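Commentary on secondary and tertiary structure
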Amino acid sequence: MSGTFVGMPAFPTAAREALGDTQLRRNLAHATHTIRDKRAAVVAEVEDWEDLRLAGAAVKEAALRDLATHLETLEESLTRAGATVHWARDAEEACAIVAEVARSHGVDEVVKVKSMATGEIGLNEALEAEGILAWETDLAELIVQLGDDLPSHILVPAIHRNRAEVREIFRRRMGDVGRPAPDDLTDEPAVLAGAAREHLREKFLRAKVAVSGANFAVADTGTLVVVESEGNGRMCLTLPEVLVSVVGIEKVVATWSDLDPMLRLLPRSSTGERMNPYTSTWSGVTPGDGPQEVHVVLLDNGRTRALADDVGRQALRCIRCSACLNVCPVYERVGGHAYGSVYPGPIGAILNPLLNGVADEQTASLPYASSLCGACFEVCPVRIDIPSVLVDQRAAVVDSHRGDRVPKAEAVAMKTAAWAFSDSRRLAWAEKASGLAGRVLGRFSRTTLPGGRTAAGRLPGPAAGWTGARDLPAPPTESFREWWDRTDGGRT
Amino acid sequence: MSARDEILRRVRSALSGVSPAEDLPPAPRVPDRGDLVALFVERVEDYRAVVTRCAVADREAAVAEALAGASVVVPPGLDLDVPGSVVDDRLTADELDRIDAVVTRARVGIAETGTIVLDHQPDQGRRAISLVPDLHVCIVDVSQVVPDIPDAIALLDPARPTTWISGPSATSDIELDRVEGVHGPRKLHVVLVG
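Residues numbered from 1 in each chain as written. Chains lettered and ligands numbered in written order. Predicted model: local features only at pLDDT ≥ 70, side-chain atom pairs only at ≥ 80, totals over all residues. Heavy atoms only, no water.

**Description of the overall build of chain A**
Counting its regular elements, chain A contains 23 helices and 13 strands. With the principal axes as the frame, chain A shows a C-alpha extent of 95 × 55 × 50 Å. Looking at chain A as a whole, 57% of its 492 residues are labelled buried. Pairs at least 24 apart in sequence give 73% of the contacts found in chain A among residues at least 6 apart. Summed over its atoms, the accessible surface of chain A is roughly 20300 Å², and 54% of this surface lies on carbon and sulfur atoms. One finds the centroid of the 55 positive side-chain charges in chain A at a distance of 8 Å from the centroid of its 66 negative side-chain charges. (Helix = DSSP H or I, 4+ residues; strand = E, 2+ residues; numbered from the N terminus. Buried < 20%, exposed > 50% of the residue type's maximum accessible area, 1.4 Å probe, protein only. Contact = heavy atoms within 4.5 Å. Areas by Shrake-Rupley, 256 points an atom, 1.4 Å probe, with all protein chains shown as cover. Lys, Arg positive; Asp, Glu negative; His and termini not counted. Charge placed at Lys NZ, Arg CZ, Asp CG, Glu CD.)

Encoded structure:
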């Protein structure tokens, strides 16, 4: 299983549908602007934010550049602390490991802390196929799960839903899977959160096995870190007897003190708070406190593919804060579903192709889902230069089509241009033709651009996609070289 | 080849020719913000937690006032008398769920972010007891307050489990509108001593 949702159309098709949904656009605009303002306010409080970003980027970059050593150290420290370490090459292996742990305890349900890695590997579906129900306990994940929906944001997977829709989902579905929503449920966020508390509490109290991810894994101490808000994470990490954590190999930092810049950067970038309500750290098993059987699954699933990419490697620094989604003009308008993956937005547009390659059409469309405005790079707490990686991934998409038997129209156009530009007589001929086209268009076109030049309307054929949203200025009737010959370089 | 060896081989091959990073640039320190304790109080209250400041002699009274008659569990090593409390002796999650409040100590308070950190020593107890009851009364000495996150990290022992608490449990999952009170304690009352 790849990181993208099965059967999703390519980005432009999905985006067109999303743009037609006015409710979705209102929900998204409201939510992204709220969080943007909050982030800006708490980031402005930190005088040396830029130095902090540099420090955060350096911690992750250093860990990645010596990843094999750190992974071996992590395995040793975890084992010493009483944890069982598993390794999973891909999603299938990771899901099988988690299912095996659950089965060995004879359970038919597990409680889950919100985790991007388990979403990426499709763990819930894999467990369900084994007859094990996985209860999402994060409020937004619960909304998505009860609504049979797909996540659309890294931090707030139900960002596309407004309060009235959440109320409807709770009223309709909570009773099917446990304690029903109260009859007097209103659409106040506090009341809805209260209903989730009541609904999930019985599941927390009876759960034997919990599944989590981790925000960071400290190599030299074997410490895992989960950063959260609601306390559902603490419930899952503390009450059950067995804990399985699925951790991407890129989550490693070298030392305990490396958590310093990370824990200062993440909450401010993510929820726009000085600190998130709860952060839990644990190293293996603590006798008499919390789960007494602890498993850690170290997951590759494409990460080593991204690691081998000299430009794209930096995407593995990502700490899943989602600041890049919240500032992205494309994400703000189309939402997360159009990206077809648990990783939407600018980071998803580079992470999915880096993890999975660009062989399928849907993933190959993602690097183009950007105006390259650069807002994502500016807010990224670990300084991932997303625009540069996007451009590089576009090149990867073009490269992947070089061997095609039927070349794309764009490739043909580029080849023709290269042929024309490489010989002065061919270029002169092309300029004559273009000047003629300019005179024709100048006579018939009805559009005039600022400055007086006329423009072509919608062109037929393969160019229609380009001219559908842009004005194509009519070519000048005289080329520069013709002008030079005629005027002797402007001297006559 | 085992999954472990295969992944490590892929990592090494992906990084062949990549030089290790040079020395890390130091993370910047926060500038001196003056009165640390005042900042700590302001920042904790900003999360809509309650802060009571009292002298050492008045600790019991301040805790009693915070509890307002609620049923309460305390960790076995608490250095303070809480009348009517149940001392945690491996209570089950269900038993804890029937208790209103918990009183614990903390390991460190962070002024910049208004965070208290528990490292679950005997005066703070198992992680479960400060999680399941709905009211958490946490006693912090003014001498435990440090300026910022790096100071706390330097004090904490990673071998111990730690819980960093910044206000009551909260969520922003509906329209990114922050509301307090989800699964963790919905009320956090910090008794600041000294």
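What follows continues from the structure just given.
**A word on the interface of chain A and chain B**
Of the residues lining the interface, 92 residues belong to chain A; the matching set on chain B comes to 77 residues. Around 7100 Å² of area is buried between chain A and chain B when both sides are counted, 59% of it from carbon and sulfur atoms. By the criterion of area lost to chain B, the three top residues of chain A are R89, R197 and R274 of chain A, representing 10% of everything that side buries. One can count 12 salt bridges joining chain A with chain B. Between D300 of chain A and R10 of chain B there is a salt bridge, with the nearest N and O atoms lying 2.6 Å from each other. The interface formed by chain A and chain B holds 35 residue pairs in polar contact (both at pLDDT 80 or more) in total. Residue contributions to the side of chain A that touches chain B peak at 10 residues, all from helix α10 (residues 189-206) of chain A. Its residues assigned to classes, the side of chain A that touches chain B shows 45 nonpolar, 20 polar and 27 charged. Where strand β9 (residues 278-283) of chain A lies against strand β9 (residues 162-165) of chain B, four bridges are found, and the strand directions are antiparallel. Across the sheet, the residue bridging to T281 of chain A is T162 of chain B, located in β9 of chain B. (Buried area = accessible area lost by both parts, 1.4 Å probe. Salt bridge = Lys/Arg side-chain N within 4 Å of Asp/Glu carboxyl O. Polar contact = N/O pair within 3.5 Å; in protein donor to acceptor, adjacent residues only side chain to side chain. Nonpolar A, V, L, I, M, F, W, Y, C, P; charged D, E, K, R; others polar. Pairing = 2+ DSSP bridges.)

**As for the packing of helix α9 (residues 163-177) of chain A against α10 of chain A**
Residues and elements named next belong to chain A. Between α9 and α10, the shortest axis-to-axis distance is 11 Å and the interhelical angle comes to 20°. Here α10 runs roughly parallel to α9, going by the angle between their axes. Here α9 runs over α10; the crossing is left-handed. Mapping the contact onto sequence places R163, V166, R167, F170, M174 and V177 in α9 and P189, L192, A195, A196, H199 and K203 in α10. Partitioning the contact of α9 with α10 into residue classes produces eight nonpolar, one polar and three charged. (Axes fitted to C-alpha atoms, helices over the stretch in contact; angles between N-to-C directions. Parallel < 35°, antiparallel > 145°, perpendicular 65-115°, else oblique. Left-handed = near helix turned anticlockwise from the far one by under 90°.)

**Quick word on the environment of S77 of chain A**
All names here are of chain A. Looking at where S77 falls in the secondary structure, it is placed in helix α4 (residues 67-80). Exposure remark for S77: the relative accessible area of 3% places this residue in the buried category. Sequence spacing of S77 and G284 is 207 residues, and the spatial spacing of their C-alpha atoms is 8.6 Å. Setting aside its immediate chain neighbours within four residues, S77 contacts A219, D220, T221 and G222.

**Topic: the packing of helix α2 (residues 22-44) of chain A against helix α12 (residues 259-270) of chain A**
All names here are of chain A. α12 packs onto α2 with a crossing angle of 145° between their chain directions and a minimal axis gap of 7 Å. In this structure, α2 contributes I35, R39, V42 and V43 to the contact, and α12 contributes R268, S269 and S270. For the contact of α2 with α12, the per-class residue count stands at three nonpolar, two polar and two charged.

**Quick notes on the sheet that holds strand β12 (residues 454-456) of chain A**
Residues and elements named next belong to chain A. Spatial strand order, β11-β12-β13: three strands in an open sheet with antiparallel pairing. The sheet terminates laterally at β11 (447-448) and β13 (472-473), the two strands that pair on one side only. Where β12 lies against β13, two bridges are found, and the strand directions are antiparallel. Bridge pairing in β13 places A455 opposite P473.

**What about the packing of aromatic side chains?**
Working definition: an aromatic ring pair is given by the centre-to-centre distance plus the angle between the planes. All names here are of chain A. Taken as a whole and assessed by the stated rule, the structure comprises five aromatic pairs over all chains. Aromatic pair F11 and Y339: ring centres 4.9 Å apart, planes at 55°, arrangement tilted. Taken together, the residues span a long stretch of sequence, with F11 in helix α1 (residues 11-19) and Y339 in the loop between α15 (329-334) and α16 (345-356) at a distance of 328 residues. Considering the side-chain rings of F480 and W484, the 5.9 Å spacing of their centres and the 45° angle between planes classify their relative orientation as tilted. One end of the pair, F480, and the other, W484, are both in helix α23 (residues 480-487), four residues apart, so they sit about a helical turn from each other. (Phe/Tyr/Trp six-rings, centres within 6.5 Å; stacked < 30°, edge-to-face > 60°.)

**Quick word on the side chain of E109 of chain A**
Residue and element names in this part refer to chain A. Counting through the fold element by element, E109 comes out in strand β2 (residues 109-112). At 2.6 Å, the side chain of E109 forms a polar contact with the side chain of W135. Within polar-contact distance, the side chain of E109 engages the side chain of R206 at 2.7 Å. Beyond its immediate stretch of four places on either side in the chain, E109 contacts I132, L133, W135, R206 and V209.

**Regarding a nonpolar patch on the surface**
Taken together, L436, V440 and F444 of chain A make up a surface patch of nonpolar side chains, about 330 Å² in accessible area. The topology assignment puts V440 of chain A in helix α21 (residues 424-444). (Patch = residues over 30% accessible without salt bridge, like charges linked within 9 Å, V, L, I, M, F, W, Y side chains within 5 Å.)

**Describing unusual backbone geometry**
Backbone phi values are negative for most residues with the exception of glycine, while trans is the configuration of most peptide bonds. All names here are of chain A. The phi angle at D148 is positive, at roughly 50°, despite the residue not being glycine. Here the phi dihedral of N301 falls at roughly 45°; this positive angle occurs in a residue that is not glycine. For N301, the location among the structural elements is in the loop between β10 (293-299) and α13 (303-307). Given a relative accessible area of 11%, N301 falls into the buried group.

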